[in-house]
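What follows is each chain in one-letter form.
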2 protein chains.
Amino acid sequence: MTLNNNDKDRFLNELIDYLSIPSVSTDDAFKDEIIKAAHFTKDAFIEAGAEETRVVETKGHPIVVAHSSTDDNLPRVLVYGHYDVQPADPIELWDQDPFLPVVKNGRVVARGSADDKGQVYMHIKALEYLKKNNIPHNILFLIEGEEEIGSPNLAPFIIDNNDVLACDIILVSDTSMISPQNPSITTSIRGLSYLEIKVTGPNRDLHSGTYGGAVANPAIELSKILAQLKDERGRVTIPGFYDDVIELSQVERGKLNARPFDLSHYKKDLDIKEVTGEASYTTLERTGIRPSLDINGIWSGYTGKGSKTVLPSIAQAKVSMRLVANQNHEDITRKAKTYITSLAPRTVKIKVEEHHGAQPAMMSVDNFGYRIADKAFQDVWGKRPLPTYEGGSLPIVSLLQEQLTEDVVLMGFGLDEDRIHSPNESFSLEMFYKGIETIIAFYNNLFISIKTNNE
Amino acid sequence: MTLNNNDKDRFLNELIDYLSIPSVSTDDAFKDEIIKAAHFTKDAFIEAGAEETRVVETKGHPIVVAHSSTDDNLPRVLVYGHYDVQPADPIELWDQDPFLPVVKNGRVVARGSADDKGQVYMHIKALEYLKKNNIPHNILFLIEGEEEIGSPNLAPFIIDNNDVLACDIILVSDTSMISPQNPSITTSIRGLSYLEIKVTGPNRDLHSGTYGGAVANPAIELSKILAQLKDERGRVTIPGFYDDVIELSQVERGKLNARPFDLSHYKKDLDIKEVTGEASYTTLERTGIRPSLDINGIWSGYTGKGSKTVLPSIAQAKVSMRLVANQNHEDITRKAKTYITSLAPRTVKIKVEEHHGAQPAMMSVDNFGYRIADKAFQDVWGKRPLPTYEGGSLPIVSLLQEQLTEDVVLMGFGLDEDRIHSPNESFSLEMFYKGIETIIAFYNNLFISIKTNNE
């Protein structure tokens with residue numbers, strides 16, 4: 001099947017309404033918008049024909065649950081997604097208002113367009129098609145509002161309701177493909193350990209002339225600490241950091257590096273002269289199968305225009321690590337806190353606090369769900385999808401695997417150029433429409449496979 | 001003489017009006033307030049009885065010039081001060097509005113109270129007294145509005161008018177005394193070299209999951225650069241940095257260290273466990289006769305609440321060095337720019353720009369002006385003032401010395417607890433009133449000394 005143009009236009013207009021809601025989960029100032037987005041999601045499921053829909057209140061942002069089944073004996077698919085979005089900062093780098101979506105060059109530009117509202121909406125529209133065309137299915141939808149802050153309330157919800165949520169396959173569309181020419185399915189995602197460091201020197205901002213030279217500068221001490229977190233070979237220096245990392249075989253590494261990748265295009269796109277990272281690994285490996293450490297933010301002292309001769313009292317940084325199987329984010333967070341704290345000299349005070357974490361996860365290409373998805377991609381894209389490693393984290397995946405089923409399929413339709421988490425995030429309309437077709441093909445193939453099996 | 005209580009109350013109320021004007025020089029948003037403060041200064045001189053007063057326009061903020069003379073054959077004293085103030089940031093750490101002055105515990109609390117409006121106003125009120133009591137004097141006042149941004153327009157004004165500004169003694173009240181029990185006169189001030197560093201990685205903020213591990217993080221690279229600027233002995237690593245530093249003799253160091261100083265009180269006041277700095281020097285030496293380097297500000301990436309998994313595009317820092325005689329700030333700035341630039345790896349771009357600089361300066365205790373001031377302090381404080389080294393910079397002093405006279409007297413009435421450049425800056429009323437008396441005593445002693453000499 002291919003979508004007709006009337007449907008395409010309608011789907012796009014509906015998506016634009018969805019993207020207009022600034023559902024930023026990390027900042028309480030947007031609480032009302034979060035509620036609005038949850039209800040928009042619920043209403044969209046109702047309009048698509050879902051039989052049961054609910055907005056489930058939590059201690060934080062609500063979860064939207066929807067259900068649609070033509071035959072409860074069919075393998076049950078659980079679709080996971082999120083309606084919350086990253087903050088739009090730095091807002092001045094956007095070419096437009098991040099929450100007044102525009103269509104430009106075949107893309108819809110708005111915060112959340114690719115991550116993840118656009119991809120959630122594809123599943124809603126696929127459901128509408130299944131209903132209208134009487135395609136057999138048995139689907140439970142679980143759309144949360146706290147993915148960008150680590151799903152603190154979805155996790156207990158899943159654990160408490162793992163009987164009700166029991167399913168055979170989990171479909172998640174919150175990742176990217178290599179390119180429209182090279183469809184792919186993510187079979188590995190990195191975990192996350194996210195820390196905030198606060199170094200305090202003197203109890204107040206001082207005049208750098210009067211005190212400079214005799215009183216430890218917390219910004220210098222913080223810089224020294226951060227500078228020690230990686231060695232000259234690009235390896236993270238936290239003791240025990242690599243203890244549980246699964247080393248891939250040469251064969252597996254060969255397969256990973258065989259995927260199409262143009263380093264010179266990569267560098268040109270980012271306007272960098274050189275890539276960097278852990279010695280003896282390729283760029284695909286560094287972002288796929290190896291853990292990493294980044295400073296996500298740093299601030300201290302006077303950051304306005306001109307000059308201010310201040311010796312700051314406080315210096316702070318947000319530091320996060322991407323983890324790979326089988327690192328455990330709680331273990332890494334503990335090791336990192338201990339190590340970072342130990343690096344502070346006696347001249348300053350240090351406090352290391354943790355934000356949310358996420359476990360890494362791996363998915364087998366031999367799973368039933370993966371094989372159905374593989375076929376669906378061939379139907380729509382005319383090509384077998386490549387299994388790929390994704391650098392980002394989906395905190396909930398390892399929990400879904402643990403609580404519900406190992407058979408998670410990361411059927412993501414983002415592209416590298418979507419600029420997720422960055423200014424001018426956008427989502428390709430081609431991916432949006434073909435993604436809907438791929439999801440429909442997935443349910444078609446699932447039904448055919450069951451029917452064939454039963455005959 | 002001692003001031004009567006009516007005058008004291010009136011002087012304080014006038015000062016409060018002066019401090020209510022937010023004359024922040026570094027931010028153009030305050031341009032109107034700067035103009036207002038300049039005219040307030042001029043009007044105050046007129047009311048005090050100055051014969052000629054002018055607001056001199058410049059390319060930047062105006063200079064206020066005032067003149068009062070009972071006898072042009074008397075040694076001419078030039079009084080320098082500034083009506084501009086540091087920004088009030090971080091404004092949330094003030095217990096009150098920085099520009100709604102309040103009197104608390106014998107202090108007037110407001111931005112600029114000690115640095116330098118309070119001290120400028122002492123000279124205006126001293127002039128009023130000289131006029132009312134017919135004390136002979138010959139004074140030229142030069143009050144600028146750009147001290148906190150490096151006096152870019154006062155310097156050419158002095159050079160262009162060095163004949164008109166010719167004088168015998170220069171009086172500057174913009175420094176501190178040790179304590180009310182230990183009056184002191186500053187005989188050495190440090191210079192300043194102030195740089196801003198910008199490190200650029202990728203051309204946009206990236207998702208730290210997708211790219212982390214393969215693309216250089218500018219905040220990490222900046223941290224590494226900053227961490228290298230001092231070695232483990234607390235010495236600045238810029239090649240040639242110490243080349244021109246005058247090493248004081250053991251005798252001179254002994255004198256310097258003999259001034260009253262309580263290290264445990266110093267640490268307690270700042271709430272720090274340990275002081276730090278260049279090995280083999282005392283705290284008084286580290287802040288007086290040795291150069292230093294500080295980070296005044298650093299910023300990159302996401303600095304809001306919660307977490308954002310961003311690999312930032314840009315990281316920036318403000319870094320400044322305090323210099324001592326005979327370091328030259330232009331030479332040090334050049335060396336620092338070259339060195340810092342050389343520390344950046346090929347994976348990032350770096351730009352180092354300079355803000356204002358200042359030459360260090362030394363003043364001899366054998367100067368005529370110093371000896372008059374020494375006597376004035378004895379009259380008012382009942383004790384000889386100690387010559388001291390001040391860690392801060394007064395960019396204009398070396399220029400005043402070069403263009404007008406070596407005989408600069410830094411007759412400052414600040415105290416360590418004034419928190420200049422910090423939240424809750426305040427100025428002691430005792431120092432304010434006794435300072436006015438000291439200035440009056442200075443002119444009295446100057447006249448007596450001339451009369452005695454001529455007899």
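Just above, that's the structure.
Report on the accompanying structure. Note that the structure is predicted; figures quoted are calculated from it, not measured.

A few words now on the environment of B:Pro312. On the secondary structure map, B:Pro312 appears in the loop between strand E12 (310–311) and strand E13 (314–323). For B:Pro312, a relative accessible area of 1% gives the class buried. Separated by 106 residues in sequence, B:Pro312 and B:Leu206 place their C-alpha atoms 6.4 Å apart. Setting aside chain neighbours within four positions, we find B:Pro312 in contact with A:Ile295, A:Asn296, B:Pro202, B:Asp205, B:Asn217, B:Pro218, B:Ser300 and B:Gly301.

Another point: the packing of helix H3 (residues 117–132) of chain B against helix H13 (residues 429–454) of chain B. Residue and element names in this part refer to chain B. Two elements in contact, H3 and H13, have axes separated by 9 Å at closest approach and are oriented at 50°. Here H3 is positioned oblique relative to H13, judged by the angle of their axes. When the axes of H3 and H13 are compared, the crossing they make is right-handed. For the pair H3 and H13, contact is made by Gly118, Tyr121, Met122, His123, Lys125, Ala126, Tyr129 and Leu130 and by Met431, Phe432, Gly435, Ile436, Ile439, Ile440 and Tyr443, respectively.

What follows deals with the sheet that holds strand E4 (residues 102–104) of chain A. Residue and element names in this part refer to chain A. With antiparallel pairing, three strands are arranged side by side in an open sheet as E4-E5-E18. Two strands close off the open sheet at either side, each with one partner strand: E4 and strand E18 (426–428). Taking each pair of neighbouring strands and ignoring which way they run, the sheet shows an average axis angle of 25°. Bridging between E4 and strand E5 (residues 107–109) involves three bridges; their strand directions are antiparallel. Paired with Lys104 across the bridge in E5 is Arg107.

Let us now look at helix H11 (residues 368–381) of chain A. For the α-helix, the turn length of 3.6 residues means that residues three or four positions removed from each other point alike. Residue and element names in this part refer to chain A. Across its 14 residues, H11 extends 20 Å between first and last C-alpha, which sits within 8% of the 20 Å expected from 1.5 Å per residue. Every buried residue of H11 is accounted for by Gly369, Tyr370, Ile372, Ala373, Asp374, Ala376, Phe377, Val380 and Trp381. Looking at the buried side of H11, the elements it contacts are strand E7 (169–172), strand E8 (184–189), strand E16 (386–390), strand E17 (408–410) and helix H13 (429–454).

The subject of this paragraph is the side chain of A:Ser398. Residues and elements named next belong to chain A. Considering the arrangement of structural elements, one finds Ser398 in helix H12 (residues 395–403). By relative accessible area, which is 15% here, Ser398 ends up buried. Look past the residues within four positions of Ser398 in its chain and what remains in contact with it is Gln359, Pro360 and Ala361.

Below, the discussion takes up the relation of the copies chain B and chain A. In the superposition of chain B on chain A (RMSD 0.1 Å, axial shift 0.1 Å), the rotation amounts to 180°. On this basis, the relationship between the two copies can be described by a two-fold rotation axis. Residue by residue, 100% of the interface of chain B is reproduced at the interface of chain A, so both copies engage with the same surface.

Before going further, it helps to examine empty space enclosed by the protein. Here the structure, examined in full by the defined rule, presents eleven cavities of 30 Å³ or more. If you add up the space inside the largest cavity, you get close to 280 Å³. Along its surface, the largest cavity is lined by 25 residues, and A:Asp115, A:Glu147, A:Ser393, A:His421 and B:His207 are the ones closest to its centre. When grouped by side-chain class, the residues that make up the lining of the largest cavity number six nonpolar, twelve polar and seven charged. Taken as a whole, the second largest cavity holds about 210 Å³ of empty space. Along its surface, the second largest cavity is lined by 20 residues, and A:His207, B:Glu147, B:Glu148, B:Ser393 and B:His421 are the ones closest to its centre.

Below, the discussion takes up the interface of chain B and chain A. Contact with chain B, which involves 85 residues of that partner, is made by 85 residues of chain A. In total, chain B and chain A occlude about 7,600 Å² of area from one another, counting both sides; carbon and sulfur atoms represent 52% of this. The largest per-residue losses of area from chain B upon contact with chain A belong to B:Arg204, B:Ser307 and B:Lys308, which jointly make up 9% of the total buried on that side. At the surface where chain B touches chain A, the tally comes to six salt bridges. Put simply, B:Glu274 and A:Arg346 hold a salt bridge, and the shortest N to O gap is 2.8 Å. The interface formed by chain B and chain A contains 44 residue pairs in polar contact (both at pLDDT 80 or more). Element by element, the count of residues in the side of chain B that touches chain A is highest for strand E11 (residues 292–301) of chain B, at ten residues. Within the side of chain B that touches chain A, the residues separate by chemical class into 28 nonpolar, 34 polar and 23 charged. The pairing of strand E11 (residues 292–301) of chain A with E11(B) spans five bridges and is antiparallel.

Reading the values: the criteria
- Residues numbered from 1 in each chain as written.
- Chains lettered and ligands numbered in written order.
- Predicted model: local features only at pLDDT ≥ 70, side-chain atom pairs only at ≥ 80, totals over all residues.
- Heavy atoms only, no water.
- Helix = DSSP H or I, 4+ residues; strand = E, 2+ residues; numbered from the N terminus.
- Buried < 20%, exposed > 50% of the residue type's maximum accessible area, 1.4 Å probe, protein only.
- Contact = heavy atoms within 4.5 Å.
- Axes fitted to C-alpha atoms, helices over the stretch in contact; angles between N-to-C directions.
- Parallel < 35°, antiparallel > 145°, perpendicular 65-115°, else oblique.
- Left-handed = near helix turned anticlockwise from the far one by under 90°.
- Pairing = 2+ DSSP bridges.
- Expected span 1.5 Å × (residues − 1).
- Least-squares fit on C-alpha atoms with pLDDT ≥ 70 in both.
- 1 Å grid on protein atoms, 1.4 Å probe; cavity = no way out; pocket = protein on both sides within 12 Å on 5 of 7 lines; lining within 4 Å.
- Points joined across faces, edges and corners; volume = space filled by probe spheres on them.
- Nonpolar A, V, L, I, M, F, W, Y, C, P; charged D, E, K, R; others polar.
- Buried area = accessible area lost by both parts, 1.4 Å probe.
- Salt bridge = Lys/Arg side-chain N within 4 Å of Asp/Glu carboxyl O.
- Polar contact = N/O pair within 3.5 Å; in protein donor to acceptor, adjacent residues only side chain to side chain.

Worth remembering: the numbers are spatial, not functional.
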